[in-house]
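# Results of the structural survey
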Amino acid sequence: MKNVTLGYTNLLFAEGLESMVKKFEGFKVFYKIHNDKLLDNLSKIQNGPVILILELDNPRKSDTLFIGSILQTYPGLSILLLSNTPSPAVSFELIEAGISAYLLKSCTSTDLQNALTKITDGINYFCSKITMKLISEKNNSDQYKANNHLTERENEILIMLVNNCSTSEVAGKLNISQNTVKTHKRNIQSKLGIHSMIGMLLYAVRNNLVEVGYHDLCNACPHYSNN
């Protein structure tokens with residue numbers, strides 16, 4: 001069983017989340033903590049939570065520092081962020097802070113279960129609405145133009161990683177060690193000036209290395225028919 005802690009701004013919303021998570025096989029809600037008391041109380045949880053579902057009403061840039069502080073204090077923690085739709089700029093900063101998944105409050109319980117499962121498998125999961133807004137926002141950014149000088153092997157590994165292959169899967173398919181894959185990943189991120197999987201995904205989409213449809217990102221997104 002994976003321990004899930006809920007960080008909330010609205011207790012009624014947190015209780016609804018708890019009811020949903022209890023129905024998911026392999027997960028249990030270990031604790032509910034108001035966000036104002038989150039940093040102080042996470043340390044009191046025996047063995048610590050594996051996943052933190054963090055609910056924010058309307059994320060601001062200051063929340064990036066908040067998330068960064070949590071992950072710095074608890075580096076083994078995975079954060080699934082739930083919020084209303086923020087601006088693309090704020091969304092990108094929150095993802096760059098190191099969250100593992102990002103869903104809108106308009107997403108479904110199926111999306112929540114998928115996100116928790118992906119996190120457990122070491123794979124990031126982002127709502128399609130968030131991801132496509134970020135792709136649009138970064139569409140003309142020099143950071144994502146194809147002047148990176150990645151090697152053929154680095155491009156190959158980049159494509160596999162953004163297509164949700166784990167480090168062990170990449171190593172197996174290319175017949176190399178997991179440490180070699182990790183080294184290539186660090187080199188890719190260093191060359192591109194990108195430090196997150198979502199940044200790598202945005203780069204790959206911008207440079208036509210992969211094609212991403214809404215179904216690949218969030219298979220029950222309510223915004224699918226509107227975009």
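Here the structure is shown first, and the text comes after it.
The sections below set out a description of the structure shown in this document.

Definitions and limits used
Residues numbered from 1 in each chain as written. Predicted model: local features only at pLDDT ≥ 70, side-chain atom pairs only at ≥ 80, totals over all residues. Heavy atoms only, no water. Helix = DSSP H or I, 4+ residues; strand = E, 2+ residues; numbered from the N terminus. Buried < 20%, exposed > 50% of the residue type's maximum accessible area, 1.4 Å probe, protein only. Contact = heavy atoms within 4.5 Å. Areas by Shrake-Rupley, 256 points an atom, 1.4 Å probe, with all protein chains shown as cover. Polar contact = N/O pair within 3.5 Å; in protein donor to acceptor, adjacent residues only side chain to side chain. Salt bridge = Lys/Arg side-chain N within 4 Å of Asp/Glu carboxyl O. Phe/Tyr/Trp six-rings, centres within 6.5 Å; stacked < 30°, edge-to-face > 60°. Lys NZ or Arg CZ within 6 Å of the ring centre and 35° of its normal. Arc of directions from axis to C-beta.

Broken down by element type, the chain carries eleven helices and six strands. Put simply, the chain has 227 residues, and 48% of those count as buried. Of all intrachain contacts in the chain linking residues separated by at least 6 positions in sequence, the fraction that spans at least 24 positions is 70%. Entry remark: accessible area of the chain is about 11400 Å², with carbon and sulfur atoms responsible for 45%.

Here we take up the side chain of Ser166. Within the element layout of this structure, Ser166 appears in the loop between helix H7 (152–162) and helix H8 (167–174). At 3.1 Å, the side chain of Ser166 forms a polar contact with the side chain of Ser168.

Attention now moves to the pattern of salt bridges. Inspection of every chain in the model, using the stated rule, returns six salt bridges. The salt bridge partner of Lys32 is Glu18, with a shortest N-O separation of 2.8 Å. Residue Lys32 is located in strand S2 (residues 27–34), and its partner Glu18 is located in helix H1 (residues 11–21); the two are separated by 14 residues in the primary sequence. With its nearest N and O atoms 2.8 Å apart, the salt bridge here joins Lys105 to Glu55. With Lys105 in the loop between strand S5 (101–104) and helix H5 (109–120) and Glu55 in strand S3 (residues 51–56), this residue pair connects regions lying 50 residues apart in the sequence.

Right, let's talk about the packing of aromatic side chains for a bit. All chains considered together, the criterion is met by zero aromatic pairs. One cation-aromatic arrangement involves Lys105 over Phe13; the distance from NZ or CZ to the ring centre is 4.7 Å.

Mapped onto the secondary structure, Leu6 falls in strand S1 (residues 2–8). Residues Leu6 and Glu55, spaced 49 residues apart in sequence, show a C-alpha to C-alpha distance of 7.7 Å. Those residues in contact with Leu6, other than ones at most four positions away along the chain, are Ala14, Leu17, Glu18, Val29, Tyr31, Lys32, Ile33, Leu52 and Ile53.

Next up on the list: unusual backbone geometry. Excluding glycine, residues mostly have negative phi values, and the peptide bonds linking residues are mostly trans. Unusually for a residue other than glycine, Asn175 sits at a positive phi of about 60°. Within the secondary structure, Asn175 is located in the loop between H8 and helix H9 (178–192).

For an α-helix, 3.6 residues make a turn, and residues three or four places apart therefore share a direction. All of the buried residues in H1 are Ala14, Leu17, Glu18 and Val21. Projected onto a plane normal to the axis of H1, the buried residues spread over an arc of 105° and lie on a single side. Against S1, S2, S3, strand S4 (78–83) and H5 lie the buried residues of H1. Of the residues flanking the start of H1, the one acting as N-cap is Asn10, its side-chain oxygen 3.0 Å from the backbone nitrogen of Leu12.

Quick look at the environment of Ile157 now. Relative to the elements of secondary structure, Ile157 occurs in helix H7. Taking the C-alpha atoms as reference points, Ile157 and Thr167, separated by ten residues in sequence, lie 9.5 Å from one another. Beyond its immediate chain neighbours, meaning those up to four positions away, Ile157 contacts Val170, Leu174, Ile176, Val181, His184 and Ile188.

Spatial relationships are all this shows, so hold off on functional conclusions.
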